[in-house]
Amino acid sequence: MLARLWTRAPAGFRLGHGLRLTGGTVECRRRYPTAERKKFYQNVSISQGEGGIFEINLDRRKLKTPQGKLFTVPNEALAIAVATEWETQGDVLQHFTMHLTNLCNTALDNPTHRTKEQLIRSALKFLDTDTVWYNVVIGSSTNILGPNIPKETKKTFEQHLSSYNSWALIGLEYVIHQLKSIVLSLNLIDRNLGAENAVLLSRLEEQYQIEFWGNVEWAHDYDLYELRSRTAAGALFVHLCSESSTMKHKLLQD
C-alpha cells in the first residue's frame, strides 16, 4: 500500500527521503507492508523445551521462523515479551509492529550468516560518523570526514562490545542503526538515557531542519513515534538477552 500526503512547500524547502515536489506542493510517499494476514489463532502461550529453551504456541501450533525453524528463545522473560506481541495483535496481523519477534527471527535464522566478530565490526563503523562522539569527546571538526578516532579508543569499544552475546549484539546493532550513534546507544543500554531522550538527541540535526524549513504534517510525527518504538524495543531485547533472570522479570513488570 502506498500512502500519500500533500502539503504546501515553504520557500526554500529542501526535499528529503520519501518527499517529492510537484509544482509548489510537497508529496510525501511512504510504502507500508501490503501482505496482510488475518489473525488465525485465539490463544498464545509459552512452553519450555529441551535444554531450557522456550517456545511460543499459537493455539496448538508452535511458532516458526520465516525459514521454517522452530521459534525458540533462550529464556522465559523474552518468551513472555514475544508472546505479548502476538497476544496484542488485532484482527489483522501487523508483523512490522512486532519488533522483538523480528529480532528473534534474525537471531535464529541469521539470514546473512554473520558471526559475532562481524556484528561487532558493523557496530564499530558508526564510531567514524558519530557526531555526538565528536562534540562530546573529541571536539569540533571542519573536515567533512571528521577527526580520526584513536586506535586505543576503538579497541576499548571493541572489548566492551565483546562482552555481549550474539543475540544481545543483534539488538544493540538494531538500536545503533535507529539512533545512528554508538555513544547514544550504549548510554541507552546502560540506562543513562531513556528511549525518548536518546531519540531526541539523535534527531537534533533533523529537528533543526524541521524548525528551519517547516514540518511535513503527519509524516515527521509518524517517523518520530516509529523511531521511539523501534529504539525502545531494541534496548529491551538487549536487556532480555543479557541480564539476570531477576532483572528480566523486573524489566517486564516495569
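A brief structural summary. Worth saying up front: this structure is predicted, and the values here are computed from it rather than measured.

Another point: the overall build of the chain. Within the chain, the secondary structure is distributed over 11 helices and 9 strands. With 254 residues in all, the chain has 39% of them scored as buried. Within the chain, contacts between residues separated by at least 24 positions form 57% of all contacts whose residues are at least 6 apart in sequence. Working note: accessible area of the chain is about 15000 Å², and carbon and sulfur atoms make up 51% of it.

Here helix H6 (residues 166-179) is 14 residues long and its end C-alpha atoms lie 20 Å apart, about the 20 Å a rise of 1.5 Å per residue gives. You can read the cap of H6 off the contacts: a side-chain oxygen lies 3.1 Å from the backbone nitrogen of Trp167, and it is on Asn165. The positive-phi residue at the C-terminal boundary of H6 is Lys180, with phi of around 60 degrees.

All right, on to the packing of helix H3 (residues 116-124) against H6 then. The contact between H3 and H6 brings their axes to 10 Å, and the two run at 20 degrees. One element, H3, and the other, H6, form an angle in the roughly parallel class. Note that H3 runs across H6; the crossing there is left-handed. Contacts between H3 and H6 involve Lys116, Leu119, Ile120, Ser122 and Ala123 on the former and, on the latter, Ser166, Leu169, Ile170, Glu173, Ile176 and His177.

Helix H5 (residues 151-161) packs onto H3 with a crossing angle of 135 degrees between their chain directions and a minimal axis gap of 10 Å. Considering their axes alone, H3 and H5 lie oblique with respect to each other. Of the two possible hands of crossing, H3 and H5 adopt the one that is right-handed. Residues Ile120, Ala123 and Leu124 of H3 pack against Lys154, Phe157, Glu158 and Leu161 of H5. For the contact of H3 with H5, the residue count by class is 5 nonpolar, no polar and 2 charged.

How each quantity is defined
- Residues numbered from 1 in each chain as written.
- Predicted model: local features only at pLDDT ≥ 70, side-chain atom pairs only at ≥ 80, totals over all residues.
- Heavy atoms only, no water.
- Helix = DSSP H or I, 4+ residues; strand = E, 2+ residues; numbered from the N terminus.
- Buried < 20%, exposed > 50% of the residue type's maximum accessible area, 1.4 Å probe, protein only.
- Contact = heavy atoms within 4.5 Å.
- Areas by Shrake-Rupley, 256 points an atom, 1.4 Å probe, with all protein chains shown as cover.
- Expected span 1.5 Å × (residues − 1).
- Polar contact = N/O pair within 3.5 Å; in protein donor to acceptor, adjacent residues only side chain to side chain.
- Axes fitted to C-alpha atoms, helices over the stretch in contact; angles between N-to-C directions.
- Parallel < 35°, antiparallel > 145°, perpendicular 65-115°, else oblique.
- Left-handed = near helix turned anticlockwise from the far one by under 90°.
- Nonpolar A, V, L, I, M, F, W, Y, C, P; charged D, E, K, R; others polar.

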